[in-house]
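Below are the chains, spelled out letter by letter.
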Amino acid sequence: MLKKNQIVEGKIIKLEEDLSGIMMVGKDKVFVRHVLLNEVVSVKIIKKIQKGYVGELVAYKKPSKQRAKVSCGIYEKCGSCQLLHMTYEAQTSYKEQILSNLCKQHKSLQLKSVGVLGMQEPFHYRNKIIIGFQKGKNCKIRAGFYEEFSHRIVPYQTCLLHPSVCDEIVQTIVRLMEKFKIEPYEEDYRRGLLRHVLLRYGEETKQIMVVFVLNQKVFPARKQFVDALCKAHPEITTIVQNVNTRKTSVVLGDEERVLYGKGYIEDVLCGYRFRISSKSFYQINHTQTQRLYQTAIDMLELTGKETLLDAYCGIGTIGMCASQHVKEVIGVEVNKQAIQDAKQNAKLNHISNIRFVCADASTWMRQMAKEGLKLDVVIMDPPRSGSDEHFIKSAVSMKPKKILYISCNPMTQMRDLDLFQRYGYQGNVVQGVDLFPHTFHVESVVLMTKVHK
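Worth saying up front: this structure is predicted, and the values here are computed from it rather than measured.

Q: In this structure, what is going on with the sheet that holds strand E17 (residues 328-333)? I would like to understand it.
A: Sheet strands pair by backbone hydrogen bonding; their relative direction is either parallel or antiparallel. Spatial strand order, E6-E21-E22-E20-E19-E16-E17-E18: eight strands in an open sheet with mixed pairing. If you trace the sheet from one side to the other, it starts and ends with strand E6 (112-117) and strand E18 (354-358), each paired once. Adjacent strand axes in the sheet meet at a mean angle of 20° when their direction is disregarded. As paired strands, E17 and E18 are joined by five bridges and run parallel to one another.

Q: I'm lost on the pairing of strand E5 (residues 52-62) in this one. Help?
A: In regular strands, side chains alternate between the two faces of the sheet. Pairing between strand E3 (residues 28-32) and E5: three bridges, direction parallel. The residue of E5 that forms the bridge with Val-30 is Tyr-53. In this structure, strand E4 (residues 40-49) lies alongside E5, joined through nine bridges in antiparallel fashion. The residue bridging Ser-42 from the neighbouring strand is Ala-59, located in E5. Where E4 hands over to E5, the hairpin turn is made up of two residues, counted between the paired strands.

Q: Help me understand the state of the cysteines, please; the structure alone is not making it clear to me.
A: What the rule picks out here adds up to zero disulfides. No disulfide involves Cys-321; its sulfur sits 3.8 Å from the nearest other cysteine sulfur, which is in Cys-270.

Q: How should I be thinking about helix H8 (residues 361-370) in this particular structure?
A: Side chains three or four residues apart in an α-helix point the same way, a direct result of the helix having 3.6 residues per turn. Inspection of H8 places Ala-361, Ser-362, Trp-364, Met-365 and Met-368 among the buried residues, and these make up the whole buried set. Angularly, the buried residues of H8 cover 165° about the axis, an arc narrow enough to put them on a single face. Buried-residue contacts for H8 involve strand E16 (307-311), E17, E18 and helix H9 (389-397). For H8, the N-terminal capping position is held by Asp-360, with its side-chain oxygen 3.2 Å away from the main-chain nitrogen of Ser-362. Backbone geometry just downstream of H8 places Gly-372 in the positive-phi region, at approximately 90°.

Q: What's the story with the pattern of salt bridges in this structure? I'm lost.
A: Pairing of side chains with opposite charge becomes possible as their charged atoms draw close. A full pass over the atoms with the stated rule returns 15 salt bridges. As a salt-bridge pair, Lys-135 and Glu-183 come within 3.1 Å of each other at their nearest N and O atoms. Taken as a pair, Lys-135 in strand E7 (residues 128-135) and Glu-183 in the loop between helix H3 (164-179) and strand E10 (194-201) lie far apart in primary sequence, 48 residues in all. The exposure class assigned to Lys-135 is partly exposed, which follows from its relative accessible area of 38%. We note a salt bridge from Asp-341 to Arg-275, for which the minimum N-O separation is 3.6 Å. Of this pair, Asp-341 sits in helix H7 (residues 336-348) while Arg-275 is found in strand E15 (residues 272-276), placing the two residues 66 residues apart along the sequence.

Rules and cut-offs
Each chain has its residues counted from 1, running along the sequence as written. With the structure being a predicted model, the display of local features is reserved for residues of pLDDT at least 70 and the display and counting of side-chain atom pairs for 80 or more, all residues being used for whole-chain, interface and lining totals. Side-chain metrics in this entry use all non-hydrogen atoms of the structure; hydrogen atoms and water are not considered. Here, any two strands with at least 2 DSSP bridges between them count as paired. A run of H or I in DSSP becomes a helix once it reaches four residues, and a run of E becomes a strand once it reaches two; helices and strands are each numbered from the N terminus. All axes are obtained by fitting lines to C-alpha atoms, using only the stretch in contact for helices, and the reported angles, taken between N-to-C directions, cover 0 to 180 degrees. When two cysteine sulfur atoms lie within 2.5 Å, the pair is treated as a disulfide. Each residue is assigned to one of three classes by its accessible area relative to the maximum for its type, calculated with a 1.4 Å probe on protein chains only: buried under 20%, partly exposed between the two thresholds, exposed over 50%. Directions from the helix axis toward the C-beta atoms define the arc. By definition in these notes, contact holds between two residues if any of their heavy atoms fall within 4.5 Å. Pairs of N or O atoms within 3.5 Å make up the polar contacts considered here, provided that, within protein, one atom can donate a hydrogen while the other can accept it, and that residues adjacent in sequence are counted only when both atoms are side-chain atoms. We define a salt bridge as a side-chain nitrogen of Lys or Arg found within 4 Å of a carboxyl oxygen belonging to Asp or Glu.

See the structure below:
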């Protein structure tokens, strides 16, 4: 039996799905983070768990050739970038292996992984940033990210995934909070004013939105705070006050007030200009989103005669990008604010062959099928939890020739593809796109065609 604080040495023989490495000490399994396959490491035993022991990395005795130098000071605690210790080439190989393994596990789908499209410069790509605040032991305000599996803030100065200007704005906000005596929100006691700051950044336009998420409607010294922030950072184009008084992990509340600017930013994606509000869904990686959308459109082999449904359409990005290749696009989305933005985006880009419907996509498709509306193509990009049988049955009821499934969670995608197959839709390949470098997330695209009744 191993003891707490005991130092052990061994070889990493396997990586779990969460990238914890497994080493054997006798008959005991020791789970270690931030290690790579076949590395020989020295580990300190932290605690016993049901399936073995948790160990803390002490030293690399024989590091892997796939190991990269980590230049982030909070990597051990933050937990956001699970793959930062891997070379980028190794990261894309790892994600390709994930997709290949899933294809093997779901043999009946007859799918083949054709690789993962990576980035040339896989840093500073995030265009949406959420920052929390806490007071440290010295009563100084700290801005940062929540430590993995906790509600403790890990303070930071710069992040390898953020545009540098956004990190500079965050540090200015901390100084202004201290100057104007703005207290950070304390979750346990439900007191304090500032819960979060959300920043949105336009990669092409360089426009910046700052959203203050407050625990009350009153923002003391609001005008002085906003004036000082805009003076320090004239690159900020709009500032929004959001009120969230609920006991929840959801960042944004329902009530908003524009404090400066138009209340939204704009960005250019695939040649189209998009209006983005605080709650808009907009992919966080501009460069890779363009590759994703172009890949999807190429896979569809559109002729210009199709009626295309963009389910879960959000602010209308992929539907508008596809509009020049089809006869008509219909975007369906349940979020009212997103539909308003989508309609504005269509006008902004002078797109006349697209219309948007605020409705549940499943219910809308069922009703349209009863009315005899036929679709040629359905594009779906559901949340991480995937779709459900109600949506899948509804999509099938429209009898589209092609269904393109974009997913940020290949595991739930495979589950849904199995159901689509039962209804006569078959895919051939899975194309991975790395929208989230240095994390274990990967975007996957599958085109299904109708093969039988």
